[in-house]
Amino acid sequence: MIKKYFEKKVVLVFFSFFMFIVVPFSISDINDEIMPKEINENTVGFYQSTTCKISFFEVVSKNMFNQNNLYINSNTYPGLNCFGKVTGLDKVNDTYILSIGTNPNLSFLLQMFLWLSAVFIISNKREVKYKLSYFPALIIPILFTSQHYFENRFYKSSNIYFNQNLEIQNYYLLTKFVGFLFISLLIKDLYERRTVNILNLIPFLFIFNGTFHGHNMNIYMVIFSYFGLQALISKKTNLVTNSIYFLFSVVWLFNFQESSNYFDGDKLVGFINTSENLGSQVFWTITFYLVINGMIYLFKTEKIESSLEDLKNSFLISGGLVVFFGILGSASAYINFLNFLTFGQNKRGMRDLNSVAGNAWRGFAPSAEYIGEFFGLCVFITFFYFIKTKNRFLIKDFVLLSVCLFGLYKSNNFASLTTLLLLSFTLLFRKSFKFEINKKSVTIILLSFLILVTLIFQNIEYERYSSALIEESILHSNLFQYDDPFKNDFTKKSYFLEKDYKTILLLNDNHERASTSLKVMVEAYSQDINISFIPNPISLISTISLFINRTEMWGIFIAKYNPNLLSSLFGYGPFQMIDYLKGHKVELDVPDYKNSSLFLPHSSFLDGLLFFGIVGMLMLLFTCLYFVFRMKLNNGVYKFILFFYIINLLKSDSILYFPCFALFIVVILKTFKLEQYE
């Protein structure tokens, strides 16, 4: 019976893929007598002169065994008549770039049906039907359609049909509204009839990234926002939290300054603001609030639990599938293209398994760090399961674990591997010596860590390490204005020997060109306060940055981060990164090919500082400490996962990607048992 049920679901998965991906990319005019040809130098002109005539799968059938280096480009701008068809062929060096039309309007519909079908397939029939209000189904279309109006620069560049005029004849905005209305009604109907365990579903977000092609949103934002509105209607939200967030929102809007700055999203597309205007600021402020409340609502309403075995299986299977499809995508340009559309990737996967331009293979993920953290969790949860249950190690577990270990190795994430080993040894130590992780043991560990850090500081080249971060920040700041870059660097470094950083800022109007964060760092470092055994906080951060290889990236962050007083205290707002990226000019001492790269802070804690400021991060810290010392922690695997993430988020931007963000929120809910907290 179970076998037949599983086989039925597999058939439904393949049927959905065939209907929503294969069929649309196979349609062409069979009566035009234009046949596909093998891609080579002689057929470049042919494909350029027969645009929108030959389907993607026709080209695949003719070039399946073509040995030429091929890359499939997704061309979002052509109209619906070119969808799934060749829109051009170019040769760049030794690579043939074949462009396929993928208009965002039709891609949106196909991806929506595919992903909601996947949710339907993996869900189970609800024993007792659950009734939801129609109100969210009316508000969600208005909210997400408004994003097209406010982030018009993003959508104008990706869709030929874009039209932001607020008029009844604007079929572009009208179709978007109808599309989101349809999604909302489907979500309502699915939830009333079907149930799905979110804990087991979350790992599969690392496969189905869910970013709508040609859109700056993903389907999970829509789903959780829907339930966030349902939480407000049902009055299942926390009054204190709501009040605090409302006050932060008022500060963000009061402090907001519009500009013409624009960020195309790059690998963060789908979960980041691209425009610096009041409307987009409001959109992301509301959406973030709804997403968080939606996740909490689902946990409280469903009282979701998951067995350790189910959790282990979910992580192993999803990890194995990520590697499997990642390898297929790296081996075949055609599958690489289909992966991008089918799974809603933020950015195209790597085209081979080797390091490219110094970056590790990322497979499915746009970030080697965040996928490395995911594989590390897959391995640790499996290890935790077998230590906890003492069950036999099955062949399927061994195969999937080996695949996840391969993924971890290829991600080249040393921090994830180190944390994995540390937590594994902790687990073994706890098992052998009956050691429990509770508030008492956490206090002992923190005090021991502080003592250890103090002892280490007494035995290293502290003077050299303590100023490395400030010097890196000064080198990347737009100080001095000599025409010769070498003279700029030489002038800056001439003051490093005496650590005379304050003088640098006083020369040549450098104080006006330096970021506020650099000025604060220099001032704090230069204070004449000298307390034995207590290192200068700036020196401590500088030394840590050297140990974890983040001095350059954090130095760039300090050089770029230029907030006013309110922004430094309360941040810019959730997922508002444009002012940081575009607002303050810096001098990037990097090769020319890296000048256009996306220089993120490389720390989720710094991302939090950008979004919520010093006050927000301190409130988050004290809230976590409150729950640690006033409430009993979940005694299972979740607190280990939380420790794993906290350590890794110190040096990665993983929180900027929705799968990692969702998993982190879920782990916090389970660790502190917040789904039971009112």
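The preceding data block contains the structure.
Residues numbered from 1 in each chain as written. Predicted model: local features only at pLDDT ≥ 70, side-chain atom pairs only at ≥ 80, totals over all residues. Heavy atoms only, no water.

Engineer: Help me understand the overall build of the chain, please; the structure alone is not making it clear to me.
Structural biologist: When its secondary structure is counted, the chain shows 30 helices and five strands. For the chain, the residues scored as buried account for 54% of the 678 residues in total. Across the chain, the fraction of contacts at a sequence separation of at least 24, relative to all contacts at a separation of at least 6, is 79%. In the form shown here, the chain has an accessible surface area of approximately 32600 Å², with 64% of it arising from carbon and sulfur atoms. (Helix = DSSP H or I, 4+ residues; strand = E, 2+ residues; numbered from the N terminus. Buried < 20%, exposed > 50% of the residue type's maximum accessible area, 1.4 Å probe, protein only. Contact = heavy atoms within 4.5 Å. Areas by Shrake-Rupley, 256 points an atom, 1.4 Å probe, with all protein chains shown as cover.)

Engineer: How should I be thinking about the nonpolar core in this particular structure?
Structural biologist: If you look at soluble globular proteins, the nonpolar side chains tend to sit buried side by side. Residues Met 577, Phe 658 and Phe 661 are the most contacted members of the largest nonpolar core, which totals 167 residues. If sequence neighbours within four positions are ignored, Met 577 has contacts with Leu 268, Ile 272, Leu 600, Pro 601, Asp 607, Leu 610, Phe 611 and Leu 656. (Core = buried A, V, L, I, M, F, W, Y, C linked by side-chain atoms within 4.5 Å.)

Engineer: Would you explain helix 11 (residues 278-302) in this entry?
Structural biologist: Since the α-helix advances by 3.6 residues per turn, residues separated by three or four positions end up pointing in the same direction. Across its 25 residues, helix 11 extends 36 Å between first and last C-alpha, which sits within 8% of the 36 Å expected from 1.5 Å per residue. Most of helix 11 is tucked away: 20 of the 25 residues are buried. Where helix 11 starts, the residue carrying a side-chain oxygen 3.2 Å from the main-chain nitrogen of Gly 279 turns out to be Asn 277. (Expected span 1.5 Å × (residues − 1). Polar contact = N/O pair within 3.5 Å; in protein donor to acceptor, adjacent residues only side chain to side chain.)

Engineer: How should the environment of Lys 235 be read in this particular structure?
Structural biologist: With respect to the element layout, Lys 235 can be found in the loop between helix 9 (219-233) and helix 10 (239-255). Residues Lys 235 and Tyr 297, 62 residues apart in the sequence, show an inter-C-alpha distance of 10.0 Å.

Engineer: How should I be thinking about the packing of aromatic side chains in this particular structure?
Structural biologist: To describe a pair of aromatic rings, one takes the distance between the centres and the angle between the planes. In the structure shown here, the tally under the stated rule is 57 aromatic pairs. For the ring pair Phe 154 and Tyr 155, a centre distance of 5.1 Å and an interplane angle of 80 degrees mean the geometry is edge-to-face. For Phe 154, a relative accessible area of 8% corresponds to the buried category. Pairing Phe 227 with Tyr 297 gives two aromatic rings, centres 6.3 Å apart and planes at 20 degrees, and the pair type is stacked. Placement of the pair is Phe 227 in helix 9 and Tyr 297 in helix 11, with a sequence separation of 70 residues. Taken as a pair, Phe 227 and Tyr 297 share a single burial class, namely buried. Lying over the aromatic face of Phe 46, Lys 37 brings its terminal NZ or CZ to 4.5 Å of the ring centre. (Phe/Tyr/Trp six-rings, centres within 6.5 Å; stacked < 30°, edge-to-face > 60°. Lys NZ or Arg CZ within 6 Å of the ring centre and 35° of its normal.)

Engineer: Sorry, what's going on with the pairing of strand 3 (residues 95-101) here?
Structural biologist: When a strand is regular, its side chains alternate between the sheet's two faces. Counting buried positions along strand 3 yields six of seven residues, so the element is predominantly enclosed. Bridge count for strand 1 (residues 70-75) against strand 3 is six bridges, and the pairing is parallel. Bridge assignment links Leu 70 to a residue of strand 3, and that residue is Tyr 96. Pairing geometry for strand 2 (residues 86-92) and strand 3, over six bridges, is antiparallel. Along strand 3, the bridge assignment pairs Lys 91 with Tyr 96. Between strand 2 and strand 3, which follow one another and run antiparallel, lie two residues, and Asn 93 among them has a positive phi close to 60 degrees. (Pairing = 2+ DSSP bridges.)

Engineer: What's the story with unusual backbone geometry in this structure? I'm lost.
Structural biologist: Backbone geometry follows two general trends: most residues other than glycine have a negative phi, and most peptide bonds adopt the trans configuration. For Asn 412, which is not glycine, the phi dihedral falls at a positive 60 degrees. By secondary structure assignment, the location of Asn 412 is in the loop between helix 15 (395-411) and helix 16 (414-433). On the basis of relative accessible area, Asn 412 is assigned to the exposed category, the value being 60%. You will see that Asp 509, though not glycine, has its phi angle at about 60 degrees, which is positive. Along the chain, the position of Asp 509 falls in the loop between helix 21 (501-506) and helix 22 (510-513). The exposure class of Asp 509 is exposed, given its relative accessible area of 56%.

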